[in-house]
Amino acid sequence: MMLGRLTRRLTYWLCFRTQQNDLREEIELHRELLADDLKRNGMPLDEAHVSARRAMGHETLMREEARSVWLAFGLESVIKDVQHAVRSLARARAFSVATIATIALAVGAGCAVFGLVDAVLLRPLPYPGGDRLVGLWHTMPGLNIETAKQSPGTYTVYKGGARSFEDMGIYVALAATLTYRQADAAPERVRVAWMTPSAFSVLGARPLLGRLFIDADAAPGAAPVAVIGEPLANAHFGGARAAIGQTIDVDGTLREIVGVMPAAFAFPNAATPVWAPFGFSNISYAGSFGYDGIGRLRPGVTVAAAQHELEQLLPRLPARFAEVRPGVSTANTIRQARLAPVVHRMRDDVVAGFDRVLWLFAGTVALLLAVAASNVASLMLVRIESRQRELAVRSALGADTWMVMRSLSVEAVLLASVGGAVGLALAIAALQLIVRVGPQIPRANEIHAGGVVTLAAAVLTAAFVLLSVATGVSRVRPGDAMRILRDGGRTGTAGRGAQRMRSAFVVAEVALSLVLLAGSGVLARSVVRLRNVQPGFDPTNTFTFWTFLPPASYKGAPNVARFYREAIDHFQRLPGVTSVATTNKLPLEIEGFPYEQLLWADDGSPPTVLPPAFQNTTTSSGYFATMRIPLVAGRSYDEANVRRGANEAVVSRGVIEHFWHDSTGRSGVGKRVRPAANGPWFTIVGVVSDVRDSSIARPPISEVYFPEETSVDAANPTAQTTVRDMAFVVRTNGPQPGVPAMLAHELHALDPNLPFHRPATMEQIVTDARSETTFALALLTFGALATLTLGIVGLYGVIAYVVTLRSKEISLRIALGLAPDAATWMIVRQGEAIIGVGLVLGVCAFLAFARLLEGFAFGVGAVDSLTIGVATMGVLVISTVAVWVPARRAARMDPAEVLSAS
């Protein structure tokens, strides 16, 4: 067959050369005749041109015929190479399956992590000039507050004086109730973004239909307007065009819809369906630092330059606003809190710390890719060495080095192509799964398996092709063909170069497996510690949901408080319910509005000294018993006394320890505190334990609890604020699957227009609080198990092949008196030497990798000696088994059969 192919190729070549020579002679003759005729003017130019074109037409025809013949010949050759490669790989099923599975796993993991990193971290924000968008906030190290947002005062000063910005705006996302005209549409609790009209221009936003806000929309007395998202317009208003001019009920206020944003507009996040305007006019105080700020830098302005300018503008704040709030000096606040502006890339703010998880995932997959590459190269080495005799025969029959390399390349392309296709499918499924079941991922609406993921799959597939070809070509030495045929394939061992390469691959696989296994161990111990952490309350058998009382239906604080009291009494009569309470902030729950405010204490401190800030929570009196927050001293507030005018409060133990230096908290009963410098004093009637509120992994925080009837507005201490957005906490005497439906029915029986929002159990909330660490553990565990599996498969395959090569030597040793068990342990010791080097290098590599784990480790060091020891022993035991199995099989071979076959 080889000889026939070479004969056909030579015949085609000779034919082409002869026809091309004849064609050249004919063209040359026409050119000479044309030149003579032109000189003598004996032949018309058009006839000469026709003759010349005819000659050139023959040349073009011959070239096309030659190209077609060569193309057919080349295509036939490629088809035959592919057929031969398919037959060859089908005979080596174990090798083919192992290689395809390794490549598929590597490509799938690599594309998935690249899709996540690209969408969340690398891709520009989906706004025009997104690289110039920045977040504007503050820090207050003097009050131990890492992040303090914008206040109306700072925004006014910065916007009026900053020249580094094209524009800036502020916004705040708050829960609101949407009520629709359709009779079958239940009220819906959503996040509404209240924003200055300039915020849209900062983002460079354009409406799908209608208009955006103008300054007049935020002026006092302006007609209420709103902008809604395209999905909301399609769901409740018959489409975007029909929605313009209609009204939407937001917390009891009818707002005219003046614009519709496209579905792709996801600000502040994809769950925001409504935007409403607000502004500041005639403000007397700098105000609370509770508004998110955004700005657009001018071209060429750096973040550092913009921050420096805001630092120069901040001292103007006291001249414009003497007080932050009544009785609180702006100058003292800046000095004692060490208030400082922060300008940060908006993309970094959007990511919100999730980059730690992604970079950990990327590091894990990078190690997985390294192990997969090592495994593929090791498998190719074994494959090439097992085919040395076949390749030698092909060379002896006339196949040159290029033909052999082409055959190996076709096999590599087939394997990598199939593996890459399977890997791309795995990546698509993995991205969908991560977005659906993972924690709340920023920019999740932008994560999809598009062209970037496909390109990544193509690049990784091509890399595996090049790796496989390079590994195979490095072992193809045509000069060895005669030696291999002369020896008849009876060499007892492979070359030292090949052995060193395989040993290096095994060392790398063992080392990387240890790194990821130890990392998984650290996170696993962290999750166990987190699960053992007591949050300060009992989440079992506790169900929660949120609702909101619209001002139009419930006017004034007494009516709001009366409804919540009646609802509590109503719910407590339900079967299986033991206690019910309300609160405006659930521990570890993101839906409530965390409100830290300054707290003055009657402890003799100078009134000019700025007090610390504590979490301010509004609850009903039964909240502590329902949540089972331990009562350290005293009692809960008496709502009857509160309604008669008594100012009572409950504080956590940390408040008493801070002001009166009593770690037990028992001496706090009877002390006085107030949340406003000029406001009324509240008598502490009870002290409870601190709870973990912001994070399960952070220490418990100190809180001040006020009854709903006397919640004080710190900006106006002479008036009471009405807390309309409350969560019900319902404790049952055991698991009650039907409780959510009963509560929704009873709530709508009290008022059918109230929303039944965000139902959940407290156990779910606590689980969600651990989600980031648990998610990181799942990712690292997947990487560790996949890497360890690939490493063990590679180790087993290499050792099994080496044992096969040494079968003659082992049989001779056994025939000469070596015991089979001794032969087994001889091979095991040699394998253990390689494994030992890999373990040492793995421990060293883990010390560097542990830096990625520092933000996730809880209750255990990222470099934990116990975890490293257990992981090392685990890899050692599994690797030893992988070596022992083929060694034991080799020692049980019949020496007579092996030697006679040789």
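A separate point is the overall build of the chain. Scanning the chain from terminus to terminus reveals 28 helices and 25 strands. Taking all 902 residues of the chain together, 48% fall into the buried category. Within the chain, contacts between residues at least 6 apart in sequence are counted, and of these 80% link residues at least 24 apart. Total accessible area on the chain stands at roughly 40800 Å², and carbon and sulfur atoms take up 59% of it.

Glancing now at helix 26 (residues 820–849). Given a rise of 1.5 Å per residue, 30 residues ought to cover 44 Å, and the 42 Å separating the end C-alpha atoms of helix 26 matches this to within 8%. Of the positions making up helix 26, those classed as buried are Ala 823, Thr 824, Met 826, Ile 827, Val 828, Gly 831, Ile 835, Gly 838, Leu 839, Gly 842, Phe 846 and Phe 849.

Cis rather than trans, the peptide bond between Phe 267 and Pro 268 has omega equal to -5 degrees. With respect to the helices and strands, Pro 268 occurs in the loop between strand 8 (253–261) and strand 9 (274–277). The residue His 661 is not glycine, and still its phi comes out positive at about 55 degrees. Its relative accessible area of 67% is what places His 661 among the exposed residues.

On to the packing of helix 4 (residues 152–161) against helix 8 (residues 303–313), then. Orientation of helix 4 relative to helix 8, taken along the N-to-C sense of each, is 115 degrees, at an axis distance of 10 Å. As for the relative orientation of helix 4 and helix 8, their crossing is right-handed in sense. Along its contact with helix 4, which presents Val 157, Tyr 158 and Gly 161, the element helix 8 presents Glu 309, Leu 310 and Leu 313. Per-class residue counts for the contact of helix 4 with helix 8 are four nonpolar, one polar and one charged.

Tallied over the full model, the rule gives 24 aromatic pairs. Sitting above the plane of the Trp 660 ring, Lys 671 keeps its charged end 5.7 Å from the centroid.

Proteins that are soluble and globular tend to have nonpolar side chains buried together. Ranked by internal contacts, the top residues of the largest apolar core, which has 85 residues, are Cys 111, Phe 464, Leu 523, Phe 846, Phe 849 and Leu 853. Non-local contacts of Leu 523, meaning those with residues more than four positions away in its chain, are made with Leu 360, Ala 776, Leu 777, Leu 780, Leu 853 and Phe 856. If you look at the next biggest cluster of nonpolar residues, it comprises 56 residues, including Val 260, Ala 337, Leu 598 and Ala 677.

This brings us to the pattern of salt bridges. Within the structure shown, the criterion is met by twelve salt bridges. The shortest N-O distance in the salt bridge between Asp 167 and Lys 159 comes to 2.6 Å. When salt bridges that share partners are traced, they join Arg 189, Asp 251 and Asp 725 into one network.

Here the focus is helix 18 (residues 557–572). Relative to the 22 Å expected for 16 residues at 1.5 Å per residue, helix 18 spans 23 Å between its end C-alpha atoms, a close match to the ideal helical length. Buried residues along helix 18 sit against strand 14 (542–548), strand 15 (577–583), strand 24 (725–732) and helix 22 (739–750).

So, about the pairing of strand 4 (residues 188–195). A regular strand places its side chains so that they alternate between the two faces of the sheet. Counting buried positions over the eight residues of strand 4 gives six, a clear majority of the element. Pairing between strand 3 (residues 165–179) and strand 4: eight bridges, direction antiparallel. Bridged to Thr 177 within strand 4 is Arg 189. Summarising the sheet, strand 4 and strand 9 pair through four bridges and their orientation is parallel. Opposite Met 195, over in strand 9, you have Pro 277 as the bridge partner.

This part takes up the pairing of strand 22 (residues 682–688). The buried fraction of strand 22 amounts to six of the seven residues, a majority that puts the element mostly inside the structure. Relative to strand 22, strand 20 (residues 648–652) runs parallel, the two sharing five bridges. Looking across to strand 22, one finds that Ser 652 is bridged to Val 688. Bridge count between strand 21 (residues 672–674) and strand 22: two bridges; the pairing is antiparallel.

A few words now on the side chain of Thr 582. Along the chain, Thr 582 falls in strand 15. Note on Thr 582: relative accessible area 2%, which makes it buried. Once you skip the residues sitting within four places of it in the chain, Thr 582 turns out to touch Tyr 564, Ile 568, Thr 618, Thr 619, Ser 620, Tyr 623, Met 726, Ala 727 and Phe 728.

Attention now goes to the environment of Pro 220. Among the secondary structure elements, Pro 220 is positioned in the loop between strand 5 (209–210) and strand 6 (225–229). On the basis of relative accessible area, Pro 220 is assigned to the exposed category, the value being 64%. Linking Pro 220 and Ser 281, residues 61 residues apart in sequence, is a C-alpha distance of 7.7 Å.

Another point: the confidence of the model for the chain. When pLDDT is averaged across the chain, the result is 79; 80% of the residues are at 70 or more. Ranking the helices and strands of the chain by mean pLDDT puts strand 6 first, with 95, and helix 16 (residues 481–487) last, with 47. Contacts for the low-pLDDT stretch residues 48–53, under 50 throughout, to residues beyond four places or in other chains number three contacts.

Position of Thr 544 among the secondary structure elements: in strand 14. In this view, Thr 544 contacts Leu 586, Phe 728, Val 729, Arg 758, Pro 759, Ala 760, Met 762 and Ile 765; residues no more than four positions away in its chain are not counted.

Reading the values: rules and limits
Residues numbered from 1 in each chain as written. Predicted model: local features only at pLDDT ≥ 70, side-chain atom pairs only at ≥ 80, totals over all residues. Heavy atoms only, no water. Helix = DSSP H or I, 4+ residues; strand = E, 2+ residues; numbered from the N terminus. Buried < 20%, exposed > 50% of the residue type's maximum accessible area, 1.4 Å probe, protein only. Contact = heavy atoms within 4.5 Å. Areas by Shrake-Rupley, 256 points an atom, 1.4 Å probe, with all protein chains shown as cover. Expected span 1.5 Å × (residues − 1). Axes fitted to C-alpha atoms, helices over the stretch in contact; angles between N-to-C directions. Left-handed = near helix turned anticlockwise from the far one by under 90°. Nonpolar A, V, L, I, M, F, W, Y, C, P; charged D, E, K, R; others polar. Phe/Tyr/Trp six-rings, centres within 6.5 Å; stacked < 30°, edge-to-face > 60°. Lys NZ or Arg CZ within 6 Å of the ring centre and 35° of its normal. Core = buried A, V, L, I, M, F, W, Y, C linked by side-chain atoms within 4.5 Å. Salt bridge = Lys/Arg side-chain N within 4 Å of Asp/Glu carboxyl O. Pairing = 2+ DSSP bridges. pLDDT = per-residue confidence, 0-100.

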